[in-house]
Amino acid sequence: MLRISVHIEQLLLVNDCVIIPEFGGFVLQSHPAVYVAKEHVFYPPRKEIVFNPALRHNDGLLSESYMQSYGMGFRDAQSSLKRDVDDLKAELEKKGFVSLGATGSFRREKKGKYLFQPGVDSSAFVSNVSAYGLEKFHLPPYPSTAVSPTKRKGGVFYMPIPRAVVYTVGTVAATIALLLLVSTPVKEVNRMAYTAGFTLSEILSTSATPAEQPAPLVSQPEETPVTPPPPTPAVPDTATVSPTAALPPSPPAPQQEPKTCYIIIGSFRTETQAAKFLTEIPASECKETGVVQHGEHFRVYAARYGNREEAETYLSQLKTNGTFKNAWLFVKRKSIE
């Protein structure tokens, strides 16, 4: 095999055209993917190598390849290339056939023309980069499953539906119906749970100055300490007591300290704030209003009772009013007249 064939193969890997001076040029022509319907074969994008004898000028590719491969200058590369081209022509004239490796081969015809045949192993540089590695493949046609309508009597057409389609549609419908049945029912939304509530005491607390800022309402009533009952004196055994012995007098029962139950609707730091809040309460909404002082707090009440059960009953009624929903019960031992 001639030395020039190695350089042609290397150049065709990165170039679409390589010219042999005074002989002809190799050109790579791109072809898109095609489908042959008769054979049912798909061909990927490819390149086809052809030989054009009209391209006889020196494009410099082979000369530069000689210079890089053998480390020679331009003139020496030109001379070496010319000798190889002469050897190619001489062998073709002498034998009528010459091989250029993977690129292909030449055969001389009777009229002095050269017939080029691409090589079988030329796929290395004729493959399209975007379709590298793809090969032709055979795909037989898929049998048609179209259902033709059937004509009934009276000119009415109907379309038979496969059982698989009916089964699938029925399954989907049953699943949707089941989801609707087992889904959580939507209950009525309590609008009060999503509405911000404000009492009059909170409105006054935001408008007061920092020095007169009222204390926040206590959400839990103060617990009154319960005094345990006095121990019951032991009764001596009647069998051991002399009939004539006098029983000791029983101690008097302790009198419970009177207490008053207040329904508190506001708590303030100063008496001025409590009095101002008291004037803003509509008389029709509260049974009996007033101010009771406990420590440093001045508390405004809506009613007061001497009986705790009555106070708790009124407290439950008062909380139904949105304005006084934070009201609470306060028990004071000494009532204020």
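This write-up is about the structure you can find in this document. (Residues numbered from 1 in each chain as written. Predicted model: local features only at pLDDT ≥ 70, side-chain atom pairs only at ≥ 80, totals over all residues. Heavy atoms only, no water.)

### A word on the overall build of the protein chain
What counts here: Secondary structure elements are defined from DSSP: runs of H or I of at least 4 residues count as helices, runs of E of at least 2 residues count as strands, and each element is numbered from the N terminus. Three exposure classes are used, based on accessible area relative to the maximum for each residue type with a 1.4 Å probe and protein chains only: buried under 20%, partly exposed in between, and exposed over 50%. Note on contacts: a residue pair is in contact if any heavy atoms of the two residues lie within 4.5 Å. Methods summary: accessible areas were calculated by the Shrake-Rupley approach with a probe of 1.4 Å, and residue burial reflects only the protein chains presented.
Helix and strand counts for the protein chain come out as eight helices and 15 strands. Relative to its 337 residues, the protein chain shows a buried fraction of 26%. Considering only intrachain contacts with a sequence separation of at least 6, the fraction spanning at least 24 residues in the protein chain is 59%. Summing over all exposed atoms, the protein chain offers an accessible surface of approximately 24200 Å²; the carbon and sulfur share of this is 58%.

### Regarding a nonpolar patch on the surface
For clarity, the threshold we go by: Put simply, a patch holds well-exposed residues, over 30% relative accessible area, that have no salt bridge, with like charges counted together within 9 Å and Val, Leu, Ile, Met, Phe, Trp or Tyr side chains within 5 Å. What counts as a salt bridge is simple: a side-chain nitrogen of Lys or Arg found within 4 Å of a carboxyl oxygen of Asp or Glu.
Together, I161, V165, V166 and V169 give the surface a local cluster of nonpolar side chains, amounting to about 360 Å² of exposed area. By the element assignment, I161 lies in the loop between β11 (157–158) and α5 (163–182). Note on I161: relative accessible area 57%, which makes it exposed.

### Digging into the packing of helix α1 (residues 4–12) against helix α2 (residues 61–70)
We count it as follows: Each axis is a line fitted through C-alpha atoms, and for a helix only the stretch in contact is used; angles between axes span 0 to 180 degrees, taken between their N-to-C directions. Our angle categories are set so that under 35 degrees counts as roughly parallel, over 145 as roughly antiparallel, 65 to 115 as roughly perpendicular, and the remainder as oblique. The nonpolar class holds Ala, Val, Leu, Ile, Met, Phe, Trp, Tyr, Cys and Pro. Asp, Glu, Lys and Arg form the charged class, and all remaining residues, Gly among them, are polar.
At a closest axis distance of 10 Å, the pairing of α1 and α2 adopts a crossing angle of 105°. Here α2 runs roughly perpendicular to α1, going by the angle between their axes. Across from I4, H7, I8, Q10 and L11 in α1, the residues of α2 making contact are L61, L62, S65, Y66, S69 and Y70. Classifying every residue of the contact of α1 with α2 gives seven nonpolar, four polar and no charged.

### Some thoughts on the sheet that holds strand β1 (residues 17–20)
Selection rule: Here, any two strands with at least 2 DSSP bridges between them count as paired.
If you trace the three strands from one edge of the open sheet to the other, you get β1-β2-β5, paired in antiparallel fashion. The open sheet is flanked by β1 and β5 (46–52), the only strands paired with a single partner. When the angles between neighbouring strand axes are averaged without regard to direction, this sheet yields 20°. For strand β2 (residues 24–31) and β5, the ladder comprises seven bridges, and the chain directions are antiparallel. Its bridge partner being in β5, G25 is matched across the sheet by N52.

### Thoughts on the packing of α2 against helix α3 (residues 74–95)
To be explicit about the condition: By the definition used in this description, the sense in which the near helix is turned from the far one sets the handedness, with an anticlockwise turn below a right angle giving left-handed and a clockwise turn giving right-handed.
Where α2 meets α3, the closest approach of the two axes is 9 Å, and the angle between their N-to-C directions is 115°. On the basis of their axis angle, the class for α2 and α3 is roughly perpendicular. Two packed elements cross with a definite hand, and for α2 against α3 that hand is right-handed. The residues of α3 that touch α2, namely those facing L62, S63, Y66 and M67, are F74, A77, Q78, S80, L81 and D84. Residue composition of the contact of α2 with α3, by class: six nonpolar, three polar and one charged.

### Concerning the sheet that holds strand β9 (residues 137–138)
What the three strands build is an open sheet, ordered β3-β4-β9; its pairing is antiparallel. On the outer flanks of this sheet lie β3 (34–36) and β9, each paired with one strand and no other. Examined bridge by bridge, strand β4 (residues 41–43) and β9 share two bridges and lie antiparallel to one another. Pairing of F42 across the sheet is with F137, part of β9.

### A word on the pattern of salt bridges
All told, the structure shown has seven salt bridges when counted by the stated rule. Residue R308 pairs with E312 through a salt bridge whose shortest N-O separation is 3.2 Å. Residue R308 and its partner E312 are both found in helix α8 (residues 308–319); the two are separated by four residues, about one turn of the helix.

### What to know about the packing of aromatic side chains
Worth spelling out the cut-off: Pairing of aromatic side chains here covers Phe, Tyr and the six-membered ring of Trp, requires ring centres within 6.5 Å, and sorts the geometry by plane angle: under 30 degrees stacked, over 60 edge-to-face, intermediate tilted. Only lysine NZ and arginine CZ atoms are considered, and such an atom sits over a ring when it is within 6 Å of the ring centre and within 35 degrees of the ring normal.
Taken as a whole and judged by the stated rule, the model has 16 aromatic pairs. Here the aromatic rings of F26 and F116 are separated by 5.4 Å at their centres, their planes lie at 65°, and the arrangement is edge-to-face. Taken together, the positions of F26 in strand β2 and F116 in strand β8 (residues 114–118) put the pair 90 residues apart, joining distant regions of the chain. F116 shares its class with F26; the two are buried. Feature note: the residues F23, F26, F51, F106, Y114 and F116 constitute an aromatic cluster, connected by ring pairs. Between R299 and the ring centre of F330, over which it is positioned, the NZ or CZ distance is 5.0 Å.

### Let's talk about the nonpolar core
Which entries qualify depends on this criterion: Nine residue types can take part in a nonpolar core, namely buried Ala, Val, Leu, Ile, Met, Phe, Trp, Tyr and Cys, and a core is a set of them joined through side-chain atoms within 4.5 Å.
Counting 23 residues, the largest nonpolar core has I4, I8, I20, F23, F26, L62 and F106 as the members making the most contacts within it. A total of five residues in this core trace back to one element, the largest contributor, which is α3. Leave out the neighbours within four places in its chain, and F106 touches F23, F26, F51, L92, G96, F97, V98, L100, Y114, L115 and F116. One finds I265, A274, F298 and A303 within the second-largest nonpolar core, a separate group that totals 21 residues.

### Re the pairing of strand β12 (residues 260–268)
Remember that side chains alternate between the two faces of the sheet whenever the strand is regular. When you tally the buried positions in β12, you get nine out of nine residues, the bulk of the element. Two elements, β12 and strand β15 (residues 328–332), share five bridges in a ladder whose sense is antiparallel. Paired with I263 across the bridge in β15 is L329.

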